[in-house]
Amino acid sequence: VVSSFEGAFCVRTRLPAATLRQRSTSSIMIASSLRNVFSVTTAGRVSMRPNAVTSLAARRHGVTRRFPRLVPRAEVEGVMDEDSKAKMEALMTRFKMADVDGNGFIDREELRNLLESMESGEVYLLSQHWLPEEELDLVMATYDTNKDGVISFEEFKQIAYDGILLEGTLAEYEGAFKAVDKSGNGTIGATELGQLFARLGNPVSPEKLVDLMQEYDKDDSGQIEFNEFLLMFRNSLLDLKAMSAYMTNDDGPGTGSVIEPVEGDMTIIFSEQELDEILSTNLNKLVVIFAALTWCRPCKGMQRPVQKLAEHYRDHIVFVKLFGNANKQTKSIFKERYQIRSTPCFITLKNGQPVYTQTGSNKEKLEAGLRSMLSNPPVGMIYPSAEVPSSVSAL
């Protein structure tokens, strides 16, 4: 851009020599200023194009991610000092480690091993593969810029600069996983994942939580396993440094349960195992299933009213939320187990059996129906405008 500016100014003007020299001097000063601005605004990055992997996921999930890694200014300005040379040599060493057959390129399988490595490509874990094929395809399509089917050193540098390699040690990632797995059952549920983002200062809505589970719960188990957890770090969804305080927070040993309802709030369920566990461990309480769809506007409108009910009746009722379009298991619960045909739908269970159902967004009617089934309800109502029915119809 700067060179074109200088050339166009000098060649296309037909002015007296003195005037031309004066304006040429001005053009050089302007060009110099442009160089300075360019250097500052790009912060020394090798390319102005955003990391396609990070940008796509950020738009999809609406969660904050760490910024792409900065490139040494020497690569932009063409000046290699001793520090820059050392960094470039370190990159070349990592590239040669990834290039197992030594042909000067990283092929698809070598790229898989690189992306599954730890400590930015210095420690390789070859016991088993955990990176999904579609993720590998996405990285290859993004960084194989000349589309020759392999990654050159220049393309590898962009991978390193964009920060998509796992930086921590295996022990650090295992520690982070155990810190999030509050129940201690060896997996991370949606509730635990939501609590993590809230504690990190980046809370997500129930609908966004469904998006995250759909993206990372690759086997539709309703839980996040360790390999799926690592994928969140590789996609820059999580950051080890940001999680340091969370990892050192000792909440005591977990119960080993696959899910632990949040008292005074709604608990999102993603599997029949989670639902059955909630029902079996809350026989002395009513369990209300709030059945919804992520795109249902009335369902979103009932989110806050139901949260208020969950808080007010926390000692009497357990509220769970079921998104019928979250995964295969929730779809089965939705259509086969309870045969839900419209949303929002509220199913009240006692001793595991349905005793009352209601559809629609009438929060006053919902509270009145729930109170009629409590022998000793709390004082006061959240929505007192409705009359309490004398009897409740069965599902």
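Residues numbered from 1 in each chain as written. Predicted model: local features only at pLDDT ≥ 70, side-chain atom pairs only at ≥ 80, totals over all residues. Heavy atoms only, no water.

Undergrad: Can you break down the pattern of salt bridges residue by residue, with the values?
TA: Side chains bearing opposite charge may pair, as long as their charged atoms lie close to each other. Summed over the entire model, instances satisfying the criterion amount to eleven salt bridges. Salt-bridge contacts for Glu 154 lead to Lys 157; the nearest nitrogen and oxygen are separated by 3.1 Å. Of the two residues, Glu 154 and Lys 157 both sit in helix α8 (residues 153-161), three residues apart, roughly one turn of that helix. Of the residues examined, Glu 154 reaches a relative accessible area of 53% and is grouped as exposed. Residue Arg 337 is joined to Asp 276 by a salt bridge in which the shortest nitrogen-to-oxygen separation is 2.8 Å. One end of the pair, Arg 337, is in helix α17 (residues 328-337); the other, Asp 276, is in helix α14 (residues 272-280), and 61 residues separate them in sequence. Among the residues examined, Asp 276 registers a relative accessible area of 35% and is labelled partly exposed. Each of the salt bridges in this network shares a partner with another, and the network as a whole consists of Arg 108, Glu 109, Arg 112, Glu 133 and Asp 137. (Salt bridge = Lys/Arg side-chain N within 4 Å of Asp/Glu carboxyl O. Helix = DSSP H or I, 4+ residues; strand = E, 2+ residues; numbered from the N terminus. Buried < 20%, exposed > 50% of the residue type's maximum accessible area, 1.4 Å probe, protein only.)

Undergrad: Residues and numbers for the packing of aromatic side chains, please.
TA: In total, this model carries eight aromatic pairs according to the counting rule given. Ring plane angle 85 degrees and centroid distance 5.5 Å describe the contact between Phe 177 and Phe 226, whose orientation is recorded as edge-to-face. Here the residue Phe 177 occupies a position in helix α9 (residues 170-180), and Phe 226 occupies one in helix α12 (residues 226-234), the gap between them amounting to 49 residues. Three or more aromatic residues joined by ring pairs form one cluster here, namely Tyr 173, Phe 177, Phe 226, Phe 229 and Phe 233. In this structure, Lys 363 packs its charged tip against the face of Tyr 383, placed 5.4 Å from the ring centre. (Phe/Tyr/Trp six-rings, centres within 6.5 Å; stacked < 30°, edge-to-face > 60°. Lys NZ or Arg CZ within 6 Å of the ring centre and 35° of its normal.)

Undergrad: Requested: an account of helix α7 (residues 133-143), with residues and values cited.
TA: By the burial criterion, the buried members of α7 are Glu 135, Leu 136, Val 139, Met 140, Thr 142 and Tyr 143. Along α7, the residues classed as buried sweep out an arc of 165 degrees about the axis, all on the same side. (Arc of directions from axis to C-beta.)

Undergrad: Can you tell me about the nonpolar core, naming the residues and giving the values?
TA: Note that soluble globular proteins tend to have their nonpolar side chains buried in a common cluster. Residues Leu 111, Phe 229, Phe 233, Phe 319 and Tyr 338 are the most contacted members of the largest nonpolar core, which totals 93 residues. If one sorts the elements of this core by residue count, strand β2 (residues 286-292) sits on top with seven residues. Apart from residues no more than four positions distant in its own chain, Tyr 338 is found in contact with Leu 275, Leu 279, Ile 289, Ile 333, Ile 347, Leu 349 and Pro 354. (Core = buried A, V, L, I, M, F, W, Y, C linked by side-chain atoms within 4.5 Å. Contact = heavy atoms within 4.5 Å.)

Undergrad: Go over the UniProt feature "domain: EF-hand" (unreviewed entry) in the protein, please, and point to the residues and values.
TA: On the UniProt side, "domain: EF-hand" (unreviewed entry) is annotated at positions that read residues 86-121, 131-166, 168-203 and 204-239 here. For residues 86-121, the helix share is 58%, the strand share is 0%, and the end-to-end C-alpha distance is 17 Å. (UniProt positions renumbered as here; feature names shortened; annotations may be inferred.)

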